[in-house]
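# Overview (structure and organization)
Here are the chains, one letter per residue:
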Amino acid sequence: MSHSTAGTEPTKPPPEDDHAFFGHPRGLMTLSGLEVWERFSFLGMQAILVLFFADTVANGGMDMDPGTAASVSAAYGTLVYLVSVAGGWLADRILGSYRAVLYGGILIACGHYSMAVPTDAMTWVGLGLISAGTGLLKPNVASMVGKLYRTDDERRDAGFALYYMGINIGAFAGPLITGWLGDHVSWHWGFSAAAVGMTLGLIQYVAGRRHLAGRKHAAEFALAPDAMRRAVRLIIGGAVAVAAVATALALAGWLTMDRFVDVLTVISVIAPIVYFVVMFRSPRVTAEERGRLRPYIVLFLGSVVFNFILFQAYSTMILLASTNARTEILGFTFPASWYASALGAFEVALAPVVAAVWAKMGPRQPHASNKIAFGVILGGLSFLLMVLPTSGHADDTYRMAAWWIVGSYLLLGLGDILLETSGMSATSKLAPKAFASQTMALWFLSLALANGIQAQIVKLYGEVSNPAYFGVNGAIAVAAGVAMIAAAPWLKRTMHPVH
């Protein structure tokens, strides 16, 4: 049963807010602003994280070899998306969306401030806090955007488009600031900039809280008081127990970094399998819904393949740029981490173009499964493109032109637009009604699995030749996309009425 708080503050935004932000509710500005700064801090930090891991201790880094640095960075991403599954449940059952986002933002800010302290211990503490905070914040902001509109409001899709543009603005700006500070001052100054960005996001979120629908409500599907107390005790007790066991194993020398990465990968594989088995066997899922789950598994795997490539934009691609790409365009020199900003820039520029093309095509536009397949193929091509500039060199001292990396990110950005928008829409439409409130969990599990696989595969980076690494991974992605297109007739038939 859900509980609402009666009192002096309204549970709905003031009526005049409804068209105050470019014809949209003013709360959209609050939530988009929060996401600008959250992505600024998250992706700004991630753009320099792998370089920080791989840099020498003398330069303020952690002196990991490139493959290990990329693997640990991927494991961090795995943890973020696994925790996001729990974050959605906590908001639904205990905290409510507003408080989940607020507490998540506070944890993220504390994590970045921790990483600003130049010690290894505070780095790991910071990454743990950021993982927990992002897990609370990320799955719940989008649901708050949805609450600003009625289900039949025609502005809804346009509102989400503005919201995602805010995400990409943050993705573009974050690496520019953190990358410059990391390159010219120190890595920890870069982490400090991420901390300041998240703090600014929290300030404007709290300042604009009166414009958010239902912010005074408790959890929408809150547990009964006794059940909630038991759940809170179990969560706190479980967290303490896991921390104690992990600490004991680490002190005993068993829980090494490599084993921790392996454990996260195993969890990322098991979690979606369990999730799908539960849905297929649930008596609350009808035969018709069960039939639509089968094609969704194909889309889920397509997301895994694409995001396996996408997430390497912040690991192996950044490492490659730092060692083998020129960091100069038209006489202007820039940090290698700035390449990550190209991805956000392309998505800001291309998203409205893609939306206009789909609107122009109307009913003639490709089926959702084909849009996802095209995205997977573009992701594979972005890696295959890197085979050309990395081939035919006598040693590893060569420097490729900046446009090769930029071109790869252009393909990747376009693929991301095609896949993410269609994938999220298909997820919400194909998920059984009994699991409708957990559709974000399904999508996040595909991202966790992509990172979990990446955490293992990137260990080969630096061990095999660059043409082989990018060529094989890219070819596998292209083959997966082509296989999805070949399966299109079956997918269209079994996904009906999803277009």
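Here the residue numbering is sequential within each chain, running from 1 through the sequence in written order. Note on the predicted model: pLDDT of at least 70 is required for a residue's local features to be given, and 80 or more for side-chain atom pairs to be given and counted; whole-chain, interface and lining totals, by contrast, use all residues. As a rule here, side-chain values cover all heavy atoms of the structure and leave hydrogens and water aside.

### Things to note about the overall build of the protein chain
Per the secondary structure count, the protein chain includes 17 helices and two strands. At 22 Å, the protein chain has a C-alpha radius of gyration in line with the 23 Å of a compact globule built from 499 residues. Counting only C-alpha atoms, the protein chain reaches 70 × 55 × 45 Å along its principal axes. When accessible area is computed with a 1.4 Å probe and restricted to protein chains, residues below 20% of their type maximum are described as buried, those above 50% as exposed, and intermediate ones as partly exposed. Counting every position in the protein chain, which comprises 499 residues, the buried fraction comes to 51%. Every residue pair with non-hydrogen atoms within 4.5 Å of one another is taken to be in contact. For the protein chain, the share of sequence-separated contacts (at least 6 apart) that also reach a separation of at least 24 residues comes to 81%. Carbon and sulfur atoms make up 68% of the accessible area of the protein chain, which totals about 21,700 Å². A run of DSSP states H or I qualifies as a helix once it reaches four residues; a run of E qualifies as a strand once it reaches two. Both are numbered from the N-terminal end. We compute the radius of gyration over the C-alpha atoms and compare it with the globule rule, which gives 2.2 Å times the number of residues raised to the power 0.38. Methods summary: accessible areas were calculated by the Shrake-Rupley approach with a probe of 1.4 Å, and residue burial reflects only the protein chains presented.

### Focus on the pattern of salt bridges
Within this document, salt bridges are pairs made up of a side-chain nitrogen of Lys or Arg and a carboxyl oxygen of Asp or Glu, the two lying within 4 Å of each other. Applying the stated criterion across every chain, the model contains five salt bridges. As a salt-bridge pair, Glu35 and Lys138 come within 3.2 Å of each other at their nearest N and O atoms. Residue Glu35 is found in helix H1 (residues 26–54), and its partner Lys138 is found in helix H4 (residues 120–147); the two are separated by 103 residues along the sequence. Each of the two residues, Glu35 as well as Lys138, counts as buried. For Lys459, the salt bridge identified is with Asp262, shortest N-O distance 3.2 Å. You can see Lys459 sitting in the loop between helix H15 (439–457) and helix H16 (466–486) and its partner Asp262 sitting in helix H8 (residues 257–281), a full 197 residues away along the chain.

### Things to note about a nonpolar patch on the surface
Where nonpolar side chains cluster on the molecular surface, the patch consists of Val266, Val269, Ile270, Ile273, Val274, Val277 and Val278 and spans about 540 Å² of accessible area. Among the secondary structure elements, Val269 is positioned in helix H8. By relative accessible area, Val269 is classed as partly exposed at 36%. Patches here are clusters of residues that have more than 30% relative accessible area and form no salt bridge, with a 9 Å joining cutoff for like charges and a 5 Å cutoff for nonpolar side chains (Val, Leu, Ile, Met, Phe, Trp, Tyr).

### A word on the confidence of the model for the protein chain
Each residue carries a pLDDT score, the predictor's own confidence in it, on a scale running from 0 to 100. Taken residue by residue, the protein chain gives an average pLDDT of 86. The fraction at 70 or more is 91%. Within the protein chain, H16 carries the highest mean pLDDT (96), whereas strand S1 (residues 328–329) carries the lowest (82). pLDDT under 50 marks residues 1–10. Its contacts with residues more than four places away, or in other chains, come to 15 contacts.

### Some points on the side chain of Glu347
With respect to the secondary-structure elements, Glu347 resides in helix H11 (residues 339–361). Despite being buried, Glu347 has no salt bridge partner; Arg39 is the closest side chain of opposite charge, sitting 9.8 Å away. With sequence-adjacent residues up to four places away left out, Glu347 is seen in contact with Asn168, Gly413, Asp416 and Ile417. In summary, the charge assignment counts Lys and Arg as positive and Asp and Glu as negative, without counting His or the chain termini.

### What about the side chain of Ser41?
Mapped onto the elements of the fold, Ser41 is located in helix H1. Taking the relative accessible area as the measure of exposure, Ser41 reaches 0% and is therefore buried. If we ignore the near neighbours within four places in the chain, the residues touching Ser41 are Ile108, His112, Ala194 and Met198.

### Quick look at the environment of Val348
Position of Val348 relative to the elements: it lies in helix H11. Classification of Val348 as partly exposed rests on a relative accessible area of 24%. Each C-alpha atom, one on Val348 and one on Tyr205, is 23 Å from the other, the two residues being 143 residues apart in sequence. The contacts of Val348, once residues within four sequence positions are left out, are Met165, Asn168 and Ile169.

### Overview of the layout of surface pockets
Approximately 890 Å³ is the volume attributed to the second largest pocket. Along the walls of the second largest pocket sit 27 residues, with Leu79, Leu127, Gly128, Leu129 and Ser131 positioned nearest its centre. At the level of secondary structure, the elements contributing two or more residues to the lining of the second largest pocket comprise helix H2 (66–95), helix H3 (97–115), H4, helix H7 (225–251) and H8. Per-element tally for the lining of the second largest pocket: the top contributor is H2, with ten residues. Side-chain classes follow a simple rule in which Ala, Val, Leu, Ile, Met, Phe, Trp, Tyr, Cys and Pro form the nonpolar group, Asp, Glu, Lys and Arg form the charged group, and the remainder, Gly included, forms the polar group. Of the residues that constitute the lining of the second largest pocket, the class distribution is 24 nonpolar, three polar and no charged. Here a cavity is any set of points on a 1 Å grid over the protein atoms alone where a 1.4 Å probe fits but cannot get out, and a pocket is any open set with protein on both sides within 12 Å along at least 5 of 7 lines; a residue lines the site when it has an atom within 4 Å of a point. Grid points are joined across faces, edges and corners, and a volume is the space filled by probe spheres set on the points.

### As for the nonpolar core
Put simply, buried Ala, Val, Leu, Ile, Met, Phe, Trp, Tyr and Cys residues joined by side-chain atoms within 4.5 Å make one nonpolar core. In terms of nonpolar packing, the biggest core is built from 95 residues, with Met45, Phe53, Tyr339, Ile405 and Tyr409 touching the most fellow members. Those residues within four positions of Tyr339 in sequence are excluded, and the remaining contacts are Ala321, Ala325, Arg326, Thr327, Phe334, Ala402, Ile405, Val406 and Tyr409. The next biggest cluster of nonpolar side chains, apart from the first, holds 22 residues, and it includes Leu28, Leu102, Ala109 and Met198.

### Some points on the packing of helix H9 (residues 287–310) against helix H12 (residues 368–384)
Look at H9 against H12: their axes get within 9 Å of each other, and the N-to-C directions meet at 25°. Of the possible angle classes, the one that applies to H9 and H12 is roughly parallel. Like other packed secondary-structure pairs, H9 and H12 cross with a definite hand, here left-handed. Packed against H9, whose contacting residues are Leu299, Gly302, Val305, Phe306 and Ile309, the element H12 presents Ser369, Ile372, Gly375, Val376, Gly379, Ser382 and Phe383 at the interface. Lines are fitted to the C-alpha atoms to define the axes, a helix being fitted only along its stretch in contact, and any angle between axes, read from their N-to-C directions, falls within 0 to 180 degrees. Angle categories are assigned with fixed cut-offs, so that under 35 degrees is roughly parallel, over 145 is roughly antiparallel, 65 to 115 is roughly perpendicular, and the rest are oblique. We call a crossing left-handed when the near helix sits turned anticlockwise from the far one by less than a right angle, and right-handed when that turn is clockwise.

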